[in-house]
Amino acid sequence: MESKSKSLIAYNVLDKKIIKSGLCTACGACEASCPVGALQIEDDKVKRLIDCSNEIDLCPICYEMCPHSEALLLRSSRAVSDAPHKNEAFGYYRKILLAQAADPKLREQCHGAAVVTTLLNYGIDNKIFDSAIVSQAEPDNPSKPKPLVAVVPDDILSAVGSKFFPSAVAKAYGSAVLGYGKTKIAFVGVPCHVLALRKMEAWQHKISANLKITIGLFCFGTFSLSPLLEHITKTYRIKPSEIKSMRLSKEFVVETSKGQVRIPMEEIEGHILPSCRTCTDFTSELADISIGSAYPMTDWSTVIIRTKAGEDFFYETVRKGIISTWVIEQEPKVFERVVKAAMLKRTNALKEAFKLEESKGYIPVRLLRETEALAKVKIKDIMTTGVSTVTADMSVSRLLELMAIQRHIGYPVVDNEGELVGIVTIEEASKIEKAKRDKTSVGEIARRNLEVVYPEETGFEAFKKMSEQGTGRLVVLDPANPKKLIGIVTKSDLMHTLIKQA
């Protein structure tokens, strides 16, 4: 029988639920936060150096810090929940815009907008940060990232490029604090990395106070390093040392000195890490600033500013003239692509999450569940009123332009008398071929069979309806006049309610 002290040690839960289930992404949050130095990331795996139960009687830390555990999720979201806007695709935000480095040489050197590089360089040059946690390629294996505590601009420039494999950046954050004594750290990572740092803040871990700002990268998921590289070597005769860069569009593109190879995603999607398959976060929703592609505008990045700290820092660089910005409202194609990518990842992740829960009885991250807390709130207290609507005769092209301007991803549809006839979302609109959008009306694509909710119903009842219908929003109708729209409630509204109560 397991001793009482061993049963109270979080590593045993971490090992069973995360490590042995194949859900670990080797971020190093467990190593960075362990109070007795019992854990170490080695060869993209967690290695237990000592039996921590011999050093401490009770310790929940490593499991709670893991970004793939269910612990602290709502409390972690408080870091961004004071932002004035929220939606299902982006999470909480203050502003969404397009940006690029003002220096064209730097953009050319970085093969893109160079926004992250510019922000970090400015922060270090002006002593806003004393270091930055980034990932750079290993010299003998350019495809493999390794974490780096960057302290000068050359370090940052060496980390340019997308990374598609695990990197122990949370471990590097711990090293920056405990090993190098850094106190003003900028952190760059994908959604799970950012979540790990937010968990440290929520837990009030002693090293979390040294975090100055987090920059989150858009992420579809990371791949298992060795299996994917073995596949590329076997199928395309490309050695890992020959890979200069990789990027993800509709295909996985591998660049070598001899040219590029385009690999269909369906060919390699089996190599995406299991935990990434159940991650619903595409835009790094808990970061101070989130940055990702602005395709088809290859020299620009989409920037989502979420916190006051992120907003102040970002606009300082704009005022200094080193970052140029553009309004995303003028580029509906960019907005559409980002929203589609975010919703696709969320939808696919929830499907995978249900499969995992059925097979293992455990799910790593799904923030919104049926909970008694939702039964305590009424729809009338959390719904959005004064809802923007669209008419059935509006064209799909105009609808997409409106979505980019107002940043909503779903609208109730009304007829000429203002009565509700359906609802339309970006999912339906984006399925219409571009050449046909001007001549296709919203009324032709709107969903007519609506699931509705009434003001006196509870958040729990709304959540059940959303789950049954596979939707992220419900229209709220006047009980005295079922054709009169009085509001709308979304999953984001339900989540916000839980975060406030956490």
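If you're wondering where the values come from, they're calculated on a predicted model, not measured in any experiment.

*Asks:* What exactly am I supposed to notice about the pairing of strand β13 (residues 289-293) here?
*Replies:* Along any regular strand the residues' side chains alternate between the sheet's two faces. With 4 of 5 residues buried, β13 is to be regarded as a mostly interior element. Here strand β9 (residues 211-217) runs beside β13; their pairing, made up of 3 bridges, is parallel. Paired with Leu217 across the two strands is Ile291, which belongs to β13. In this sheet, strand β14 (residues 301-305) lies alongside β13 in antiparallel orientation, the contact comprising 5 bridges. When the bridges of β14 are listed, Ser290 appears paired with Ile304.

*Asks:* How should I be thinking about the sheet that holds strand β17 (residues 410-414) in this particular structure?
*Replies:* Paired through backbone hydrogen bonds, the strands of a sheet run either parallel or antiparallel to each other. Spatial strand order, β16-β17-β18: 3 strands in an open sheet with mixed pairing. Bordering the open sheet on either side are β16 (390-391) and β18 (420-425), each of which pairs with just one other strand. In terms of strand pairing, β17 meets β18 through 5 bridges, oriented antiparallel. Each bridged residue has a counterpart across the sheet, and for Pro412 the counterpart in β18 is Ile423. Its contacts with the sheet place helix α17 (residues 396-406) against β16, β17 and β18, and it is angled at close to 130° to β17.

*Asks:* I tried to follow the pairing of strand β5 (residues 95-101) on my own but got confused; where do I start?
*Replies:* Counting buried positions over the 7 residues of β5 gives 6, a clear majority of the element. Pairing of β5 with β14 involves 5 bridges; the strand directions are antiparallel. Its bridge partner lying in β14, Leu98 is registered against Thr302. Relative to strand β15 (residues 323-326), β5 runs antiparallel, the two sharing 4 bridges. Bridging across to β15, Ala99 finds its partner in Thr325.

*Asks:* Just checking my understanding: could you explain the state of the cysteines for this structure?
*Replies:* Joining two cysteines, a disulfide is a covalent bond between their sulfur atoms. One pass over the full model with this rule turns up 0 disulfides. The thiol sulfur of Cys24 is not disulfide-bonded, and the nearest other cysteine sulfur, from Cys30, lies at 6.3 Å. In this structure Cys276 is not part of a disulfide, and its nearest cysteine sulfur, from Cys219, lies 5.9 Å away.

*Asks:* Help me out: how do you make sense of the nonpolar core in this one?
*Replies:* It is characteristic of soluble globular proteins that their nonpolar side chains tend to be buried jointly. Judged by nonpolar contacts, the single largest core of 42 residues is most densely connected at Tyr11, Leu14, Leu39, Ile133, Tyr173 and Met200. Contributing elements (two or more residues each) for this core: α2 (10-19), α3 (29-33), β1 (39-42), α4 (61-65), α9 (169-178), β8 (185-189) and α10 (191-203). The residues touching Leu39, leaving out its near neighbours within four places in the chain, are Tyr11, Leu14, Cys30, Glu31, Cys34, Val46, Lys47, Arg48 and Cys62. Core analysis: the second largest hydrophobic core is formed by 37 residues, Phe90, Ile304, Ile409 and Tyr411 among them.

*Asks:* What exactly am I supposed to notice about the packing of aromatic side chains here?
*Replies:* Between two aromatic rings, the relevant description is the distance of the centres plus the angle of the planes. In total, this model carries 9 aromatic pairs according to the counting rule given. For the pair Phe90 and Tyr93, a centre-to-centre distance of 6.3 Å together with 80° between the ring planes defines the contact as edge-to-face. With a centroid separation of 6.5 Å and 35° between ring planes, the pair formed by Tyr122 and Phe313 is classed as tilted. With a gap of 191 residues between them, Tyr122 in helix α7 (residues 115-125) and Phe313 in helix α14 (residues 308-319) connect regions that are remote in the sequence. Residue Tyr122 shares its accessibility class with Phe313, and that shared class is buried. Pairwise contacts between aromatic rings join Phe90, Tyr93 and Phe335 into one cluster.

Criteria and thresholds
Residues numbered from 1 in each chain as written. Predicted model: local features only at pLDDT ≥ 70, side-chain atom pairs only at ≥ 80, totals over all residues. Heavy atoms only, no water. Buried < 20%, exposed > 50% of the residue type's maximum accessible area, 1.4 Å probe, protein only. Helix = DSSP H or I, 4+ residues; strand = E, 2+ residues; numbered from the N terminus. Pairing = 2+ DSSP bridges. Contact = heavy atoms within 4.5 Å. Axes fitted to C-alpha atoms, helices over the stretch in contact; angles between N-to-C directions. Disulfide = S-S within 2.5 Å. Core = buried A, V, L, I, M, F, W, Y, C linked by side-chain atoms within 4.5 Å. Phe/Tyr/Trp six-rings, centres within 6.5 Å; stacked < 30°, edge-to-face > 60°.

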